[in-house]
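Residue-level structure breakdown
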Amino acid sequence: MHVDRELDVKGLSCPLPILRTKKTLAEMASGQILRVVATDAHAVKDFQAFARQTGNELLSTVEADATFEFLFKRK
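What you see is a predicted model; the values in this text were computed from it and never measured. (Residues numbered from 1 in each chain as written. Predicted model: local features only at pLDDT ≥ 70, side-chain atom pairs only at ≥ 80, totals over all residues. Heavy atoms only, no water.)

**Brief notes about helix H1 (residues 16-26)**
- Along H1, the positions that sit buried rather than exposed are Pro-17, Ile-18, Thr-21, Thr-24 and Leu-25. For H1, the buried positions fall inside an angular range of 130° around the axis, keeping them on one side. The exposed residues of H1 that point more than 90 degrees off its buried face are Lys-22, Lys-23 and Ala-26.
- Buried-residue contacts for H1 involve strand E1 (5-8), strand E2 (33-38), helix H2 (43-54) and strand E4 (67-73). (Buried < 20%, exposed > 50% of the residue type's maximum accessible area, 1.4 Å probe, protein only. Helix = DSSP H or I, 4+ residues; strand = E, 2+ residues; numbered from the N terminus. Arc of directions from axis to C-beta. Contact = heavy atoms within 4.5 Å.)

Written as structure tokens, this is what we have:
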């Protein structure tokens, strides 16, 4: 899958990953894809709620070695 932008929020805890993701998505065009890489264990639930609340589509969530990768599609 083509990714338009990447955001590394490893080492940051809530609410910073959400705030930085929101800011980055706001700078993107509708339909573009953002990959977010995080290490916060709460990020999975936080990003699910963020997607529901903002209308940006959470395309996938992958966990490997205590690192989480999220793909968002900008609304």
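**Considerations on the packing of aromatic side chains**
- For the coordinates displayed, the defined rule picks out five aromatic pairs.
- Ring geometry for Phe-47 against Phe-70: centres 4.6 Å apart, planes inclined by 50°, an arrangement best described as tilted. Here Phe-47, found in helix H2, pairs with Phe-70, found in strand E4; they are 23 residues apart in sequence, far enough to count as distant.
- Classification of Phe-47 by relative accessible area gives buried; the value is 1%.
- For Phe-70, a relative accessible area of 0% corresponds to the buried category.
- Ring centres 5.7 Å apart and planes at 85° place the aromatic pair Phe-50 and Phe-72 in the edge-to-face group. Here Phe-50 is found in helix H2, whereas its partner Phe-72 is found in strand E4, with 22 residues between them in sequence. Each of the two residues, Phe-50 as well as Phe-72, counts as buried.
- Through a chain of ring-to-ring contacts, the aromatic side chains of Phe-47, Phe-50, Phe-68, Phe-70 and Phe-72 assemble into a single cluster. (Phe/Tyr/Trp six-rings, centres within 6.5 Å; stacked < 30°, edge-to-face > 60°.)

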